[in-house]
Amino acid sequence: MINPKVAALQKSATLKITAQTKKLVREGRDVVNFAAGEPDFDTPDFIKEAAHRAIDRGETKYTPSTGMPALKEAIAEKLAKENSIPKEHQQVIVTSGAKYALYTALLTLLAPNEEVIVPAPYWVSYPEMIKLAGGTMKPLPLTAERSFKIDPALLKQHLTPQSKVLILNYPSNPTGVTYSEDELREIAAIVRAHDSLFVLSDEIYEKLLYDGRTHTSFAALPGMAERTLTVNGFSKAYAMTGWRVGYLAGPEKIIGAASNILAHTTSCLCSISQHAALAAIQDTEWISKMQKILEQRRDLLFAGLKRYPKLSPCKPEGTFYLFCDIRETGIDSSTFAAQLLTQQLVSCIPAEPFGQEGYLRMSFATGEEQIEKGIARIGAFLEK
Ligand code: PMP
Ligand code: GLU
């Protein structure tokens with residue numbers, strides 16, 4: 001009865017555990033939420049006010065299916081100015097979250113069984129989107145010894161004539177690792193030598209970088225604009241997860257084809273959300289305030305976990321996720337996360353659905369008091 005491609009889909013572990021955690025909190029349980037894949041900050045007032053004004057003006061009708069021209073123009077300007085991706089190489093479409101940008105891109109590019117190279121550990125939705133789009137996923141293993149960064153030589157070995165897409169995600173969910181421009185150039189050299197390969201570069205955490213690091217967009221590297229689809233959105237940078245604003249930017253031919261998918265599946269993204277995003281993108285201060293707070297929280301969580309000899313936390317370079325090695329405890333990640341939640345009311349995501357055993361993903365998008373409480377409870381859990 002059910003399409004086998006749909007029947008084969010896994011539940012989203014991140015959304016499932018986040019929903020369970022929120023339910024426990026609603027029931028009045030004192031849960032420390034290290035599971036959340038969203039900032040705990042409220043959407044800034046100047047963004048909400050822009051949305052109110054849009055409703056009052058009656059901006060409540062369909063917009064063009066690929067987004068309001070003013071928003072697309074503002075995004076193209078942002079990509080040119082902040083990301084050095086020249087406007088003439090980029091068309092932009094506005095999508096229902098970065099999630100739908102990724103899915104639309106995969107649907108547009110993949111012919112049946114073409115391969116998608118996905119560095120592992122990966123964000124949980126990539127494999128399922130690839131399945132739905134009819135492609136074949138080829139995981140590219142990343143190792144702690146190489147700080148969970150792509151080994152260019154291994155990437156080269158993984159490419160075959162069927163390889164169509166390489167997914168990059170940096171700063172990375174779940175590892176918090178990012179790449180320097182030199183490291184990206186090494187990857188670009190391999191992409192350049194493989195004619196049929198496109199890069200789908202998920203840069204949704206670009207604004208959340210620590211220790212003074214800066215972000216280089218893959219499409220800004222020489223020769224890569226023609227081969228790269230850039231994905232980004234407003235969920236993480238502006239605490240707008242529920243507004244569902246994402247975008248896909250890339251060469252006109254591909255984006256033109258992708259536009260037809262939007263016209264026939266979503267019609268357009270909610271007009272109010274688009275007006276909110278147009279206000280958000282003008283911001284010059286809010287993100288850096290959030291980034292500074294998150295950096296302090298990262299330091300707190302990292303230092304707290306380091307005190308426990310059985311845990312080896314990786315220090316996040318970006319995002320709000322800390323990837324923690326729990327192999328010394330001898331417990332697998334799913335059991336560890338489940339027992340930590342039931343025994344100590346601390347919620348984390350096991351790394352197994354990210355394609356990596358022996359680790360937990362811990363989000364520090366939660367207040368400092370909660371982080372301290374969570375660290376103490378993990379200590380009590382480990383003692384047992
Ligand atoms: N990419 C990554 C790596 C993510 O962690 C997320 C999390 N939501 C998304 C894309 C999708 O974001 P959204 O659909 O909320 O814009
Ligand atoms: N991307 C976030 C996470 O990894 C939100 C949940 C989701 O969309 O998967 O937790």
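Look a little higher up for the structure.
For clarity, every value in this text was computed on a predicted model and none was experimentally measured. (Residues numbered from 1 in each chain as written. Chains lettered and ligands numbered in written order. Predicted model: local features only at pLDDT ≥ 70, side-chain atom pairs only at ≥ 80, totals over all residues. Heavy atoms only, no water.)

S.K.: I'd love a proper account of the overall build of the protein chain, names of residues and values included.
M.R.: Regarding its fold elements, the protein chain presents 13 helices and 13 strands. Judged by the C-alpha coordinates and their principal axes, the protein chain covers about 60 × 55 × 50 Å. The 384 residues of the protein chain split such that 57% are buried. A separation of at least 24 residues holds for 75% of the contacts in the protein chain among residues at least 6 apart in sequence. Of the charged side chains in the protein chain, 43 are positive and 43 negative, and the gap between their average positions amounts to 4 Å. (Helix = DSSP H or I, 4+ residues; strand = E, 2+ residues; numbered from the N terminus. Buried < 20%, exposed > 50% of the residue type's maximum accessible area, 1.4 Å probe, protein only. Contact = heavy atoms within 4.5 Å. Lys, Arg positive; Asp, Glu negative; His and termini not counted. Charge placed at Lys NZ, Arg CZ, Asp CG, Glu CD.)

S.K.: How would you sum up the nonpolar core? Please name residues and give values.
M.R.: Leu 200, Phe 218, Phe 234 and Leu 248 are the most contacted members of the largest nonpolar core, which has 121 residues in total. Those residues in contact with Phe 234, other than ones at most four positions away along the chain, are Ile 75, Ala 239, Met 240, Val 245, Tyr 247, Ala 277, Ala 280 and Ile 281. (Core = buried A, V, L, I, M, F, W, Y, C linked by side-chain atoms within 4.5 Å.)

S.K.: How would you explain the site of ligand 1 if you had to name every residue and give the values?
M.R.: In the vicinity of ligand 1 there are 14 residues, among which Ala 98, Asn 173, Asp 202, Tyr 205 and Arg 244 approach most closely. Ala 98 is positioned with one of its backbone polar atoms (N or O) 2.7 Å from an oxygen atom of ligand 1. Within the side chain of Ser 235, an N or O atom sits 2.7 Å from an oxygen atom of ligand 1. Residue classes in the shell around ligand 1 are distributed as 6 nonpolar, 4 polar and 4 charged. (Near = heavy atom within 4 Å. Polar contact = N/O pair within 3.5 Å; in protein donor to acceptor, adjacent residues only side chain to side chain. Nonpolar A, V, L, I, M, F, W, Y, C, P; charged D, E, K, R; others polar.)

S.K.: Can you break down helix H3 (residues 45-56) residue by residue, with the values?
M.R.: In this model, H3 (12 residues) spans 16 Å end to end at C-alpha, consistent with the 16 Å of a helix rising 1.5 Å per residue. Among all positions in H3, only Ile 47, Ala 50, Ala 51 and Ala 54 are buried. Considered in projection along H3, the buried side chains sweep an arc of 100° and stay on one side of the axis. In this structure, H3 carries Asp 45, His 52 and Asp 56 as exposed residues pointing more than 90 degrees from its buried face. Summarising the contacts, the buried residues of H3 are in contact with helix H10 (271-280). Downstream of H3 by one or two residues, Gly 58 has phi in the positive range, about 80°. (Expected span 1.5 Å × (residues − 1). Arc of directions from axis to C-beta.)

S.K.: Which residues make up the environment of Tyr 359, and what values go with them?
M.R.: For Tyr 359, the location among the structural elements is in strand E13 (residues 359-363). A C-alpha to C-alpha distance of 7.1 Å links Tyr 359 and Arg 327, two positions 32 residues apart in sequence. The contacts of Tyr 359, once residues within four sequence positions are left out, are Ala 144, Phe 148, Cys 314, Phe 323, Cys 324, Asp 325, Ile 326, Arg 327, Ser 333, Pro 350 and Ala 351.

S.K.: How would you explain the packing of helix H12 (residues 333-344) against helix H13 (residues 368-383) if you had to name every residue and give the values?
M.R.: Packing of H12 against H13 leaves a shortest axis separation of 10 Å and a crossing angle of 110°. Compared by their axis directions, H12 and H13 come out roughly perpendicular. Residue-level inspection shows Phe 336, Gln 339, Leu 340, Gln 343 and Gln 344 of H12 in contact with H13, the latter providing Arg 377, Ile 378, Ala 380, Phe 381 and Leu 382. A breakdown of the residues in the contact of H12 with H13 according to their chemical character gives 6 nonpolar, 3 polar and 1 charged. (Axes fitted to C-alpha atoms, helices over the stretch in contact; angles between N-to-C directions. Parallel < 35°, antiparallel > 145°, perpendicular 65-115°, else oblique.)

S.K.: Describe the pattern of salt bridges, and please don't skip the residues or the numbers.
M.R.: Side-chain pairs of opposite charge can arise whenever the charged atoms involved come near each other. A full pass over the atoms with the stated rule returns 23 salt bridges. Ionic pairing is found between Asp 30 and Arg 377, a salt bridge with its closest N-O pair at 2.6 Å. Taken as a pair, Asp 30 in the loop between helix H2 (13-26) and strand E1 (32-33) and Arg 377 in helix H13 lie far apart in primary sequence, 347 residues in all. Where Arg 297 meets Asp 40, a salt bridge forms, and the shortest distance between an N and an O atom there is 3.0 Å. With Arg 297 in helix H11 (residues 286-306) and Asp 40 in the loop between E1 and H3, this residue pair connects regions lying 257 residues apart in the sequence. Arg 297 gets classed as buried once you look at its relative accessible area, which sits at 7%. Judged by its relative accessible area of 40%, Asp 40 is partly exposed. Here the residues in one salt-bridge network are Asp 211, Arg 213, Glu 295, Arg 298, Asp 299 and Glu 317, joined through shared partners. (Salt bridge = Lys/Arg side-chain N within 4 Å of Asp/Glu carboxyl O.)

S.K.: Could you give an account of the packing of aromatic side chains, naming the residues involved and the relevant values?
M.R.: With the rule as written, the count across this model stands at 14 aromatic pairs. Centre to centre, the rings of Phe 320 and Tyr 321 are 4.9 Å apart; their planes meet at 65°, and the pair counts as edge-to-face. Tyr 321 shares its class with Phe 320; the two are buried. Ring centres of Phe 323 and Tyr 359 lie 4.7 Å apart, and the angle between their planes is 10°; on these two criteria the pair is classed as stacked. You can see Phe 323 sitting in strand E10 (residues 321-325) and its partner Tyr 359 sitting in strand E13, a full 36 residues away along the chain. A relative accessible area of 0% places Phe 323 in the buried class. Each member of the aromatic cluster is reached from another via a ring pair, and the members are Phe 148, Phe 323 and Tyr 359. A cation over a ring is seen here: Lys 149 above Tyr 179, with NZ or CZ 5.7 Å from the ring centre. (Phe/Tyr/Trp six-rings, centres within 6.5 Å; stacked < 30°, edge-to-face > 60°. Lys NZ or Arg CZ within 6 Å of the ring centre and 35° of its normal.)

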